[in-house]
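So the chains spell out like this:
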Amino acid sequence: MPAPPVTYDRMVPPASFADYRHWVGRYVEVLNHALEGIPQDRVRYHVCWGSWPGPHTTDVPLRDIVDLILQVRAGAYVIEGANPRHEHEWKVWQDVKLPAGKVLVPGVISHATNIVEHPELVCERIVRLARLVGRKNIIAGTDCGFAQSPMYRRVHPTIMWAKLEALAAGAKLATRELWG
């Protein structure tokens, strides 16, 4: 469950940022306890800022919680990165090192807009992160799910498929660029 980022703007205020970080730390402890005995390579942890149609101006910055996120016993971290409010946060990985043996699954296509990303943009998003975390440590993904339920879709299915085709085409371009 991607609760920590989504909960930020509901907690701060009235709580302080220190209170929020304490809560996230406890959340990670509880989650890790629940994950005991499950091989980390079987666990993907999704970091979500929420899918509601709003400005997201009160979202917690990735930089402020990335250290806690990386404490989750997961083999991969699925982090939104295609939406305009968080796309710049790829820069976090210039200073933060992905732990050895872990995989970053950045969102390189958005689930919340009808605009289909160009494969070259998808490639750029993949390549810039791969150069920071290592080309073996990245798998391109979507920001979030395209549908919260069968009756609650973010975009029309034809657009979903077009976005996934752009993702595949962009990943193919990135593979050529990164691997020759």
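Right above here is the structure, for reference.
This one's a predicted model, so the numbers in the text were calculated from it and none came from an experiment. Here the residue index of a chain counts from 1 through its sequence in written order. Under the rules for a predicted model, residues below a pLDDT of 70 receive no local features and side-chain atom pairs below 80 are neither given nor counted, while totals for whole chains, interfaces and linings still include all residues. For the side-chain quantities, the full set of heavy atoms in the structure was used; hydrogens and water were omitted.

A.B. asks: Account for the pairing of strand E1 (residues 44–47), with residues named and values stated.
C.D. replies: The side-chain alternation of E1 yields one buried face, formed by Tyr-45 and Val-47, and one unburied face, formed by Arg-44 and His-46. Each pair of strands is called paired provided DSSP finds at least two bridges between the two strands. A helix here means a DSSP run of H or I that spans at least four residues, while a strand means a run of E at least two residues long, and both kinds are numbered starting from the N terminus. Summarising the sheet, E1 and strand E2 (residues 76–79) pair through 4 bridges and their orientation is parallel. Across the sheet, His-46 pairs through a bridge with Val-78, a residue of E2. The buried label goes to any residue with under 20% of its type's maximum accessible area, the exposed label to any with over 50%, and the partly exposed label to all in between, with areas taken from a 1.4 Å probe on protein chains only.

A.B. asks: So, the pattern of salt bridges: which residues are in play, and what are the values?
C.D. replies: Once their charged atoms are close, side chains differing in charge can pair, the charge on each being opposite to the other. Within this document, salt bridges are pairs made up of a side-chain nitrogen of Lys or Arg and a carboxyl oxygen of Asp or Glu, the two lying within 4 Å of each other. Within this structure, the stated rule accounts for 7 salt bridges. One salt bridge connects Arg-63 with Asp-95, and the closest N-O pair in it is separated by 3.3 Å. Here Arg-63 is found in the loop between E1 and helix H3 (66–69), whereas its partner Asp-95 is found in helix H4 (residues 92–95), with 32 residues between them in sequence. For Arg-125, the salt bridge identified is with Glu-87, shortest N-O distance 2.9 Å. Linking Arg-125 in helix H5 (residues 119–133) with Glu-87 in the loop between E2 and H4, this pair joins segments that are 38 residues apart in sequence. According to the relative accessible area criterion, Arg-125 is buried, its value standing at 7%.

A.B. asks: Quick rundown of the environment of Gly-145? Include the residues and the values.
C.D. replies: Here Gly-145 shows up in the loop between strand E4 (141–142) and strand E5 (147–149). For the pair Gly-145 and Ser-110, spaced 35 residues apart in sequence, the C-alpha to C-alpha distance is 9.2 Å. Residue contacts are defined here by distance: any two heavy atoms, one from each residue, within 4.5 Å place the two residues in contact. Once you skip the residues sitting within four places of it in the chain, Gly-145 turns out to touch His-111 and Arg-154.

A.B. asks: Hey, could you go over the side chain of Glu-80 for me, with residue numbers and the actual values?
C.D. replies: Here Glu-80 shows up in the loop between E2 and H4. One buried charged residue, Glu-80, remains without a salt bridge, the closest side chain of opposite sign being Arg-154 at 8.7 Å. For Glu-80, the side chain forms a polar contact with the side chain of Asn-83, separated by 3.0 Å. Not counting residues up to four positions away in its chain, the partners in contact with Glu-80 are His-46, Val-47, Cys-48, Trp-49, Gly-50, His-86, Gly-107, His-111, Asp-143 and Cys-144. Think of it this way: Lys and Arg go in the positive column, Asp and Glu in the negative one, and His and the chain ends go nowhere. Here a polar contact means two N or O atoms within 3.5 Å. Within protein one must be a hydrogen donor candidate and the other an acceptor candidate, and residues neighboring in sequence count only if both atoms are side-chain atoms.

A.B. asks: Would you mind going over helix H6 (residues 157–179) in detail, with residue names and values included?
C.D. replies: Expected helix span is computed as 1.5 Å times (number of residues minus one). The terminal C-alpha atoms of H6 lie 32 Å apart, and with 23 residues this matches the ideal 33 Å at 1.5 Å per residue to within 8%. All of the buried residues in H6 are Ile-159, Met-160, Lys-163, Ala-166, Leu-167, Gly-170, Ala-174 and Leu-178. On its buried side, H6 packs onto strand E3 (103–109), H5, E4 and strand E6 (152–153). The positive-phi residue at the C-terminal boundary of H6 is Gly-180, with phi of around 80 degrees.

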